[in-house]
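# Structural overview for review
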Amino acid sequence: MGFACGIVGLPNVGKSTLFNALTASAAAAAANYPFCTIEPNIGRVPVPDRRLETLARLARSARIVPAQLEIRDIAGLVRGASRGEGLGNRFLAAIREVDAILHVLRCFEHPDVSHVEGRVDPLRDAELVETELLLADLESLERQKEGLARRARGRDPEALAKLALLEKLAPAMEAGTPARAVPLDADERALVKTFHLLTAKPVLYVCNVEEEAAAGGNRWSAAVAAMAERQGAGCVLISAAIEAELAGLEPEERKAYLEALGLDEPGLAKVIRAGYALLGLITFFTAGPKEARAWTVPEGATAVEAAGTIHSDFARGFICAEVVAFEDYVRFGGEQGAKEAGRMRLEGREYRIRDGDVCHFRFNV
């Protein structure tokens, strides 16, 4: 099961620098000119989770395997992308393939780094990108409308429902409201996914600030945070320059560098965790002598679905799940202690996995 976040934004806002730091690679060329990222670059990054180290210690695991999140660096968008300007068509095709958007906004000035719009203004940049996505979505809805109308004339129930939803979405989107912000009921939220709209994807704003503002932000990042709050969106503060520097340091050097800057952890850790939450994901664990491993499932996943993320045989022959809450696993010194304290539960296939569950699946095939 793959979960992908796409890093988007205008050229020269720090997207590729952020991607390089995230993946600790130079796969994406970070350069001071538009379109240096010609094709989407893809990397998988570990999701920071301190619980995993605790589990490994208690289970005396030989290795630790964190959960991973797929990150894609997508070519910079420019004004007119919805009409194919710049690399607009490639941008729009690439963004359709991701589950959530990490929107990097430039919140710093630098004489050697040009801005495609002439001056730094992250709110304008955010609106520009959102407008291009809205225009692309409206064009897509218009194309879909003709086919739906044809099917609706034949009283096709699905087409009638989708056409009614389209008529509700289009006016709101024409007025500048992204699809994710249009008030919808549960059935409509499920149906809107079939339209594959860019503005229906959840968004996390990533404020890229100068090194001096990494701990507290600046006036631009404060404005973005206020905008995100109004929208009900997430917002994270980073300095891509610092993250790039950290990527090349040894663990002890990294720790000292962060302390000197007054930071308790890399900004990337916050970005990854926020991206994970943005996708509505939770973590469950397996722990034993061979390894302690974090696994990713959507919030609300059942025990049998979680078992299937490990191996299809686990789901096919599912018998039950032995479950210990992380807190109980730690409090009672591991699996055996939790079992003796009566804190291990036997759960059936419809049990909803909770974040932090330590699971052992019994199966028979």
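Just above sits the structure.
The following paragraphs examine the structure supplied in this document.

Parameters and conventions
Residues numbered from 1 in each chain as written. Predicted model: local features only at pLDDT ≥ 70, side-chain atom pairs only at ≥ 80, totals over all residues. Heavy atoms only, no water. Helix = DSSP H or I, 4+ residues; strand = E, 2+ residues; numbered from the N terminus. Polar contact = N/O pair within 3.5 Å; in protein donor to acceptor, adjacent residues only side chain to side chain. Phe/Tyr/Trp six-rings, centres within 6.5 Å; stacked < 30°, edge-to-face > 60°. Buried < 20%, exposed > 50% of the residue type's maximum accessible area, 1.4 Å probe, protein only. Pairing = 2+ DSSP bridges. Axes fitted to C-alpha atoms, helices over the stretch in contact; angles between N-to-C directions. Contact = heavy atoms within 4.5 Å.

A few words now on the side chain of S16. Position of S16 among the secondary structure elements: in helix α1 (residues 15-23). Side chain to side chain, S16 and D73 meet in a polar contact 2.8 Å long.

What follows covers the packing of aromatic side chains. For any pair of aromatic rings, geometry is given as the distance between the ring centres together with the angle between the planes. The tally for this structure, following the rule as stated, stands at 5 aromatic pairs. With centroids separated by 6.4 Å and ring planes inclined at 15°, the aromatic side chains of F284 and W295 adopt a geometry described as stacked. Here F284 is found in strand β8 (residues 281-287), whereas its partner W295 is found in strand β9 (residues 291-298), with 11 residues between them in sequence. Here the two residues F284 and W295 agree in accessibility, since each one is buried. Arranged with centres 6.0 Å apart and planes meeting at 90°, the rings of F284 and F361 form a pair that is edge-to-face. Taken together, the positions of F284 in strand β8 and F361 in strand β12 (residues 358-363) put the pair 77 residues apart, joining distant regions of the chain. A relative accessible area of 0% means that F284 is categorised as buried.

Let us now look at the sheet that holds strand β7 (residues 234-238). If you walk across this open sheet you meet the 6 strands as β2-β4-β1-β5-β6-β7, and the pairing is mixed. Where the open sheet ends on each side, the last strands, each with one partner, are β2 (41-46) and β7. The mean angle between the axes of side-by-side strands here comes to 25°, regardless of whether they run parallel or antiparallel. Summarising the sheet, β2 and strand β4 (residues 68-73) pair through 6 bridges and their orientation is antiparallel. Directly across from V45, in β4, lies its bridge partner L69. Where helix α10 (residues 267-278) meets the sheet, its contacts fall on β1 (4-8), β2, β4, β5 (100-107), β6 (203-209) and β7, and the angle it forms with β7 comes to roughly 165°.

In short, shape yes, function no, at least from these values alone.
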